[in-house]
Amino acid sequence: MATTSPIIKQEAAIPFWRDVRVLGVIGQIIFTILVVIGLTWFIRNFLINAENQGLQTSFSFLNTTAAFDIAEGIEYEATDTFGRALWVGVINTIRVSFIGIILTTILAVVAGIARLSTNWLINKIATVYIEIVRNIPLLVQLFFIYFAVILKLPPVKDSVQPFGLPLFLNQRGFALPGLTATAGFPIWLAFIVLAIILVMTLWTIQSRQEERTGEPVNKIGSAVVAFIVIVAIGWFVTTAFTSNQAIMVATSRNIKDFDDFEKIYLLRVDTDALKDLGVELATLDTLKFPDNIAAYKDELTAKLGTGEVSAEESENIEAQLDILGDAQITICSVEDTVSEINAASQLRRLNIPVKVSNEKSMRKTGAAYAAGDCDLLAGTQAQLAAERAILEAPDTHELVDVSVPPLIVNTPAPAGFNIQGGTKLSPEFAALLIGLVLYTSAFSAEIVRAGILAVSKGQTEAARALGLNESQRLQLIVLPQALRVIIPPMTSQYLNLTKNSSLAVAIAFPDLVAVGSTVQNQSGFAVQVIIIFMAVYLTLSLSMSAFLNWYNKKVALVER
Amino acid sequence: MTTTTQTKEAVLAVPEFDLDVSGWLRDTVFGTTWKTVFAVLLIIANILIIRSGFGAEPVGLSFDLAPKGVPTAIGSLILTLTSGPLLTIIVLVLWLVGAATVIYSASRHHWPGPTQWLKDSIYNGPFGALTTLALGVIIIFAIRGVLSWTIFGAEFRTDPDSVAVLRDTTPGAIWGIIGANKKLLAVGQYPSEVIWRIWASLGIVLGLAGLSVLAWNFGSPLKSIRKPLVWGWVASIFVILFLLRGTGADTGPMQGVSTIRWGGFLLTIVIAIIGIGASFPIGVLLALGRRSETRGVPVLWRWGAGLLLIYWGLGNWPDDAVTLNIPLIFHDPPVWTVTLSPVSYAALQAFILVGIFWAVGYYLQGNMIKTFSVVFIEAVRGVPLITVLFMANTLLPLFLPKDLDIDNLLRVIVGVILFSAAYMAENVRGGLQAIPRGQYEAAMAVGLSGAQSMRLIILPQALRLVIPAIVGLFIGLFKDTTLVSIVGMFDLLQMGKTVVAQPEWLGLQRETFAFAALIYWVFAFSMSRASQRLERKLGVGKY
């Protein structure tokens, strides 16, 4: 005890200018004052410079007209405001990041597992992919993909179609099959939600039963069956009751369904002209069905493609193809609507060549129909009824209701010099997406691999000793533990992907940074634009990491 | 001692792969039916691939080994061996031979080394064997395509006139664009007559590197020059920068070369090295700032300062109503215009200030240094590099006095330094966190002051730990230097874009970007390998 008091005394004796704690506080205050002075100096300079150069320092410019175009994204016109333009950029950034993150996750898991495969070849392919891609700057890869691959693809007319799949790659972008939601889709979605709730209830009940009786129940099987049954019922119910689609045709044609267009189409095939070109009668006889006509066309094209035909013969073949090509059904409808996609896909399914003549508005489309430019007008029942009312002779036209399922598969098809239908990706979007996914996956694959390796062998052995089967072992033992290791670094990879999407500016994809630079060039509001950049990216980063941290905590609960 | 060895063995024994993917697939995805379907699909794929191999022309990239019409003996041999059908047959026969070997060994219950390897890694189960075949054919064709484009079908002449004639008939790459523009790609517009200065700089670096390798070699007699060498490295940066820039003279061997004329790979290297070099000390300071545990500004003072600022807010009481335009990007229209009465405006100011003070006090214990570090690091790490570069490029001049004109290159480098300092700080912080508490306590017990213990005990250990991470950061930065091309610097990538725009080399993007990719890859890959070696040598991550 005796030793305590001198220490206290000593402490008390330290003058405040030698007290580390006091000095620390004083240091911090001086530091803060210096930082504030520095910032003030910067801001003062800025205000002076801004005044000299006539720059505004408020955000009111966001409400003024932008007067420039944006190539893709949500609805936007050059007469919209700068703010709207930036918003288009934000949406594009989010879109590319979101799709990119999903694809990256898939590719990373595949490559990560491939890297651990015992098959030497698979293993080495994954290693080579990772080592090549992650050591080349993303921007170089983007330039290569965009300038040296996609822009060097053939023009639209000669689109590349890999393995005969309904994919069309050309220098104007990619056309892929897509799904289009129709009017009934929300109702079908409600059925799906209902199915999920029911399946979850069923699962709980069966789990309890399992626990009570000790007998295993095929929970997965019953869940799948229940889900499929409810969703299928929903599909048919929605198709039968919610479809609002119809077509308008001339009454004289006697059309009751899309199938009835077959007769009209066959009448249009000019068999006399074909006969004049020397086509044999036996062949002509077969051309009574759309499928046969399509096959004959393919045959002719293939013959032409071999290059083994004489000039005279090839002229004849081309003439035949022209005649066959002239026969088609023309659809009028408003561009990119469900009606257009539905009508076109229904006719294509019957192998009837379709020409879609579409305009941006129903008014123009209706006028085209009234002028007799097309065989049918596709649209919603209400739209068509209104259009019919303003026709010169409404009685000569009738509306046929068509049933449309909640989702339509929208496959692209070549039509003249263009590709119709399908989901189209612009070259810029495709290049950015491919580049981002390949690059980020190379890093993420290593994370997945490390995560799987981090689960010790003993865990597997213990699981086997408990009598778990392979899938149970993976689901209950390996994955939960691997995920714990994987998620935190994966989070930062997802954030990197989002931030790297800003490289879009180099290949002119209108993401936030690209649109922002245009805004800045047009208006000169450099500071404001950069503040918006920072605000948006910080918001995205923070919300993403907040979400993934939440998920991480959930997963980490498995830990003991 | 024994326990440590045992633990070591245990640790080393852990990383052994045991995710039985095929077993999992068998049990879950492919029941018997699915398994059959999968096998059938795989067989069909194999048949299709092999069939297409039989029909394949030499990929439209035929090996032009006989430019004058008569193939040489070796040329015609390669030509035959690499034609589609033969290549496919070779792969198929090799695969069958392998399969036969494995089956034979299985029947004899005898597994010599190579056969064991074949069984384990090539013919691992029926699916493994079929997959190998499919992938084998695809890979061989891919390699053949790449080789014929890059070498066999390529044209290497650099003379634009003769290349112009040959362009349409050359099946492969036209590498002449690289050869003809090698100076531009390497050093940009740097004047040819003083290019020796770049060689001299390279000489200095190589000389220092050679000496360093010797001096740091274990048991080297040159151990005594280690310290001068370190200073030599530091000095070399300034010497080299002086060599590159020259003096103010317009002519002569030391004529000034403005940074606008620096370009190509030279610029890439300069930005990367200065970026990492300058961000190191800043990063260390930021890391220390973020780890700072100094007592914060006491509560009362904080509130006192808060009250002062509120007073200042009240003092700024406006006379009329104030209209504020607040950007709301997630909202349409994107600006939220509010008109505030003088009272509410002052109240708003006070509210925000009090909010900031409260947050700093609550989350960061009123530690101003920590606050600054955290805000800086997180703000920079939350945004993409390109926005930082835009900021440095367009805003930096606006934030400085009008007459202070800064070089374009300097602006970009400032941006790069700020950006990498934030990441550097996080790396260093990781190293600092890895130092056990006992080290701090021991340093204190020996009687070292805070600064001394940092300098002598903690930092040397922490920095040693993070050397591999810093190399990783450098590789990242080296790759990220390509972004400066977006803000108008002529680095290697931008030079490539410029070179392709020349009328005589128009449209050769593939060659140019492939070459740029190769250069970046060689450097980044060798650095990452070196970093792995270093990691092993330093024994980081092993205990």
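Residues numbered from 1 in each chain as written. Chains lettered and ligands numbered in written order. Predicted model: local features only at pLDDT ≥ 70, side-chain atom pairs only at ≥ 80, totals over all residues.

Note that an α-helix has 3.6 residues per turn; residues three or four places apart therefore point the same way. Taking 1.5 Å of rise per residue, 15 residues should cover 21 Å, and helix H16 (residues 368-382) of chain B covers 21 Å from first to last C-alpha, within 8% of that figure. Where H16 of chain B is concerned, the buried positions are Met368, Ile369, Lys370, Thr371, Ser373, Ile377 and Val380 of chain B. In this structure, the buried side of H16 of chain B is in contact with helix H2 (20-53) of chain A together with helix H13 (264-291), helix H15 (342-364), helix H17 (385-399) and helix H18 (408-434) of chain B. (Helix = DSSP H or I, 4+ residues; strand = E, 2+ residues; numbered from the N terminus. Expected span 1.5 Å × (residues − 1). Buried ≥ 20, exposed ≤ 12 C-beta atoms within 10 Å, placed from the backbone. Contact = placed C-beta atoms within 7 Å.)

A word on the packing of H17 of chain B against H18 of chain B. Residue and element names in this part refer to chain B. Across the interface, H17 lies against H18 with an axial gap of 8 Å and an inter-helix angle of 140°. On the basis of their axis angle, the class for H17 and H18 is oblique. As for the relative orientation of H17 and H18, their crossing is right-handed in sense. Of H18, the residues touching H17 (which contributes Leu385, Val388, Leu389, Met391, Ala392, Asn393 and Leu396) are Arg411, Val412, Val414, Gly415, Leu418 and Phe419. Its residues assigned to classes, the contact of H17 with H18 comprises 10 nonpolar, two polar and one charged. (Axes fitted to C-alpha atoms, helices over the stretch in contact; angles between N-to-C directions. Parallel < 35°, antiparallel > 145°, perpendicular 65-115°, else oblique. Left-handed = near helix turned anticlockwise from the far one by under 90°. Nonpolar A, V, L, I, M, F, W, Y, C, P; charged D, E, K, R; others polar.)

With that out of the way, let us pick up the confidence of the model for chain B. Residue and element names in this part refer to chain B. Counting all residues, the mean pLDDT for chain B is 80, and 83% of those residues have values of 70 or more. This stretch, residues 1-20, has a pLDDT under 50; its non-local contacts, to residues over four places away or in other chains, come to 12 contacts. Across residues 58-70, confidence stays below pLDDT 50; counting only partners more than four residues off in sequence or on other chains, it has 33 contacts. Scoring the predicted complex yields pTM 0.82 and, for the interface, ipTM 0.84. (pLDDT = per-residue confidence, 0-100.)

Here we come to the interface of chain A and chain B. Reports of interface size often rely on the accessible area that becomes lost once the parts have come together. Every contact between the two is made by 72 residues of chain A and, on the other side, 68 residues of chain B. Of all elements in the fold, only H2, helix H3 (82-115), helix H4 (120-134), helix H5 (138-149), helix H16 (427-453), helix H17 (457-465), helix H18 (470-500) and helix H20 (526-556) of chain A reach the threshold of two or more residues within the side of chain A that touches chain B. No other element matches the 13 residues that H2 of chain A contributes to the side of chain A that touches chain B. Looking at the side of chain A that touches chain B residue by residue, the class counts come to 44 nonpolar, 22 polar and six charged.

A word on H15 of chain B. Given a rise of 1.5 Å per residue, 23 residues ought to cover 33 Å, and the 32 Å separating the end C-alpha atoms of H15 of chain B matches this to within 8%. Once H15 of chain B finishes, glutamine 365 of chain B follows within two positions and takes phi at roughly 55°, a positive value.

We now examine the sheet that holds strand S1 (residues 168-170) of chain A. What links the strands of a sheet is backbone hydrogen bonding, and the strands pair in either a parallel or an antiparallel sense. Residue and element names in this part refer to chain A. With antiparallel pairing, the three strands of this open sheet are ordered in space as S1-S2-S12. On the outer flanks of this sheet lie S1 and strand S12 (423-425), each paired with one strand and no other. Sheet twist, expressed as the average angle between the axes of neighbouring strands with direction ignored, equals 15°. (Pairing = 2+ DSSP bridges.)

Further remarks concern the domain arrangement of chain A. Taken as a whole, chain A is organised into domain 1 (4-53), domain 2 (82-177 + 425-556), domain 3 (185-241) and domain 4 (246-403). Averaged C-alpha coordinates put domain 1 of chain A and domain 4 of chain A at centres separated by 82 Å. (Domains from an automatic or database assignment.)

All names here are of chain A. The strand order across the open sheet built from five strands is S6-S5-S7-S4-S8, with neighbouring strands paired in mixed fashion. Each of the sheet's edge strands pairs with one partner strand only, and the pair in question is strand S6 (354-359) and strand S8 (397-401). This sheet shows a mean twist of 30° between the axes of neighbouring strands, independent of strand direction. Bridge count for strand S4 (residues 245-250) against S8 is five bridges, and the pairing is antiparallel. What sits directly across from alanine 250, in S8, is histidine 397. Sitting on the sheet, helix H14 (residues 362-370) is in contact with S4, strand S5 (329-334), S6 and strand S7 (376-380), with an inclination near 155° to S5.

So, on to unusual backbone geometry. All names here are of chain A. Of note, the phi angle at alanine 67 is positive, near 65°, even though the residue is not glycine. Structurally, alanine 67 is set in the loop between H2 and H3. The class of alanine 67 is exposed, set by 12 C-beta atoms lying within 10 Å. At alanine 508, a residue that is not glycine, the phi angle is positive and equals roughly 65°. Tracing the sequence through the fold places alanine 508 in the loop between H18 and helix H19 (512-523). Residue alanine 508 is classed as partly exposed on the basis of its C-beta count, with 15 C-beta atoms lying within 10 Å.

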